2 protein chains.
Amino acid sequence: MPVSSLDPALERREQILRAAMICFAKRGFHQTSMHDISAEAGISVGLIYRYFENKDAVISAMAEEHKREIHEVLERARLAPSLLEAFEIIFTWDCCDNAPHVVSAFVVDLFAEAGRNPGVADLVRDVARTAMDGVTDLIARSPEANHLPYDLQPREIAEMIFAVNDGMLMRDVLTPNRTSAERRERQTQFARNLWRLLFSGKPEAVCA
Amino acid sequence: MPVSSLDPALERREQILRAAMICFAKRGFHQTSMHDISAEAGISVGLIYRYFENKDAVISAMAEEHKREIHEVLERARLAPSLLEAFEIIFTWDCCDNAPHVVSAFVVDLFAEAGRNPGVADLVRDVARTAMDGVTDLIARSPEANHLPYDLQPREIAEMIFAVNDGMLMRDVLTPNRTSAERRERQTQFARNLWRLLFSGKPEAVCA
DNA sequence: TGACAATGAATGAACGTTCATTCATTAGTG
DNA sequence: CACTAATGAATGAACGTTCATTCATTGTCA
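Each value, and the rule that gives it
Residues numbered from 1 in each chain as written. Chains lettered and ligands numbered in written order. Predicted model: local features only at pLDDT ≥ 70, side-chain atom pairs only at ≥ 80, totals over all residues. Helix = DSSP H or I, 4+ residues; strand = E, 2+ residues; numbered from the N terminus. Contact = placed C-beta atoms within 7 Å. Near = placed C-beta within 6 Å. Nonpolar A, V, L, I, M, F, W, Y, C, P; charged D, E, K, R; others polar. Least-squares fit on C-alpha atoms with pLDDT ≥ 70 in both. pLDDT = per-residue confidence, 0-100. Buried ≥ 20, exposed ≤ 12 C-beta atoms within 10 Å, placed from the backbone. Axes fitted to C-alpha atoms, helices over the stretch in contact; angles between N-to-C directions. Parallel < 35°, antiparallel > 145°, perpendicular 65-115°, else oblique. Left-handed = near helix turned anticlockwise from the far one by under 90°.

1. Section: the overall build of chain A
Here is step 1 of the chain: Each helix and strand counted, chain A has 10 helices and zero strands in total.
Here is step 2 of the chain: Order of helices (α) and strands (β) in chain A, N terminus to C terminus: α-α-α-α-α-α-α-α-α-α.
Here is step 3 of the chain: Seen along its three principal axes, the alpha-carbon backbone of chain A occupies a region of about 60 × 35 × 30 Å.
Here is step 4 of the chain: For chain A, contacts bridging at least 24 residues in sequence account for 62% of all contacts bridging at least 6.

Printed below as a string of structure tokens:
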């Protein structure tokens, strides 16, 4: 548990967001009541309104946190010593050790919410575009870019990576009792398979 | 618009389901009220309860309809003259001409619901497994199966196909104003790209 | 130091609204 | 008339939000 901040107000905010994340993942945005969140956080209902204007603000704040997290993952991928390892980082970002399966349930619900809430849609679109640009750039700069099969462009490969990644995330909500380790193993396998398809040869043979 | 049935009771049922689908896609399951559905269908609230036990039953019935639709798509894919064409059918099944973008919004919400409603989860899991088995079989039986790159198994390829497909579906909710034709074009492109990655050669060169 | 004032974090009952569901009633049909 | 289809006002539970109130902490001053 991270002793995240010296500011007690910020700590409260994060405590509320942590509780909200658990509730949202368990029940979804619109089935989660403010009472649920307050109970999960061990505080009173009213207190939430000291730190957030309303329920929508809680959802937005969490979407923002998700945005930061994705940016962080991209940064780590950018620093990876090889493109394959960058792939693996991107494919396993949601396999955090604690709270297994919470992230995927949340993200799927976030996309569903984006489908009807334009504000959330803008935010998710923004994250998606930034991530896509980052990975496109990552591929274009890599030494492997010279060996791309056929006339596939870096952008097309990035799109495929994200499609596969999102698709696995979506499937994940169907198997809630898989452990983080199992998920990581499985998704790493996906990354390797995609890699093999893209760069004709064993992974070790192409690493920089 | 299909004049689906001679039985007026069944017709009412379908009228309600059609209206519910529109509402669910627009607002999501839990933000859609029974009044919304009745207004969309042009009937009274109480009448819905003559044909469905409660709101959950409406959701389940629609998930069942989705199941039937997927099975139908699989059957069409099975009858396709080549594996590539089967791919294209699978990748574009949700690009129906009327009601653009309705399907993807609905399906993403369906998965989100599956994440918390075990009954829905069972149903979706069942559809997913059947579809996966069908496509695995499709690949294994195809003449191209002998040219699979590296040690990739038909099952792994099927998993990748569905991951890509689900991922695109998820992305789709972010661009609600794309037309069906644009979506079809884009997703066909995805199918072709995946095809090229899988079977090293131009599509035309490998068709049976 | 000790007494008192001010602060604002925290509470939870109360309010107005929305919603799923029911049911007494009406319309339609044979 | 008898029977079913259809209506929509009524019900009660649940929800988001507000706010009067409590109380531990901090600041002030003699």
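2. Observations regarding the protein's contact with DNA strand C
Here is step 1 of the chain: Close to DNA strand C lie 15 residues, the nearest being Ser44(A), Gly46(A), Ser33(B), Gly46(B) and Asn54(B).
Here is step 2 of the chain: Counting residues per element, the ones that place at least two in the surface near DNA strand C are α3 (45-51) of chain A together with α2 (34-41) and α3 (45-51) of chain B.
Here is step 3 of the chain: Looking at the surface near DNA strand C element by element, the count peaks at four residues for α3(A).

3. Section: the protein's contact with DNA strand D
Here is step 1 of the chain: Taken together, 15 residues sit near DNA strand D, with Ser33(A), Gly46(A), Asn54(A), Ser44(B) and Gly46(B) positioned nearest.
Here is step 2 of the chain: Listed by contribution, the elements that provide at least two residues to the surface near DNA strand D are α2 (34-41) and α3 of chain A together with α1 (8-27) and α3 of chain B.

4. Notes on the interface of chain A and chain B
Here is step 1 of the chain: Counting residues at the interface gives 37 residues for chain A and 37 residues for chain B.
Here is step 2 of the chain: Mapped by element, the contributors of at least two residues to the side of chain A that touches chain B are α1 (8-27), α6 (102-114), α7 (118-141), α8 (154-172) and α9 (180-198) of chain A.
Here is step 3 of the chain: No other element matches α8(A), which puts 11 residues into the side of chain A that touches chain B.
Here is step 4 of the chain: Among the residues making up the side of chain A that touches chain B, the classes are represented as 21 nonpolar, seven polar and nine charged.

5. A look at the relation of the copies chain A and chain B
Here is step 1 of the chain: Once chain A is rotated about the relating axis by 180° and shifted along it by 0.0 Å, it coincides with chain B to within an RMSD of 0.1 Å. Expressed as a symmetry operation, the mapping of one chain copy onto the other fits a two-fold axis. The C-alpha atom lying nearest the rotation axis in chain A is that of Gly167(A); the distance is 1.9 Å.

6. Describing the confidence of the model for chain A
Reading fine detail from the predicted coordinates is not recommended where pLDDT is low.
All names here are of chain A.
Here is step 1 of the chain: With 91% of its residues at a pLDDT of 70 or more, chain A has an overall mean of 84.
Here is step 2 of the chain: Note that pLDDT drops below 50 for residues 1-5; the model gives that stretch four contacts with residues more than four away or on any other chain.
Here is step 3 of the chain: The low-confidence segment residues 201-208, where pLDDT is below 50, has 10 contacts with residues more than four positions distant or belonging to other chains.

7. Looking at helix α5 (residues 83-91) of chain A
Here is step 1 of the chain: Across the nine residues that make up α5(A), a large majority, seven, are buried.
Here is step 2 of the chain: Within α5(A), the full set of buried residues consists of Leu83(A), Leu84(A), Ala86(A), Phe87(A), Glu88(A), Ile90(A) and Phe91(A).

8. Some remarks on the packing of α5(A) against α9(A)
Residue and element names in this part refer to chain A.
Here is step 1 of the chain: Two numbers describe how α5 lies on α9: the axes approach to 9 Å, and their chain directions differ by 140°. As the angle between them shows, α5 and α9 are arranged oblique. Once α5 is placed against α9, the crossing between them reads as right-handed. On the side of α5, the interface is formed by Leu84, Phe87, Glu88 and Phe91, while α9 contributes Gln187, Thr188, Phe190, Ala191, Leu194 and Trp195.

9. Section: the packing of α1(B) against helix α4 (residues 55-78) of chain B
All names here are of chain B.
Here is step 1 of the chain: Two numbers describe how α1 lies on α4: the axes approach to 10 Å, and their chain directions differ by 95°. As summarised for this structure, α1 and α4 are arranged roughly perpendicular, according to the angle between their axes. Facing α1, whose interface residues are Leu17, Ala20 and Met21, α4 presents Val58, Ala61, Met62 and Glu65.
Here is step 2 of the chain: The residue inventory of the contact of α1 with α4, partitioned by class, reads six nonpolar, no polar and one charged.

10. As for the environment of Leu152(B)
Here is step 1 of the chain: If you trace the backbone, Leu152(B) turns up in the loop between α7 (118-141) and α8 (154-172).
Here is step 2 of the chain: Sequence separation between Leu152(B) and Leu198(B) is 46 residues, and the spatial gap between their C-alpha atoms is 9.3 Å.
Here is step 3 of the chain: Non-local contacts of Leu152(B), meaning those with residues more than four positions away in its chain, are made with Asn193(A) and Ile157(B).

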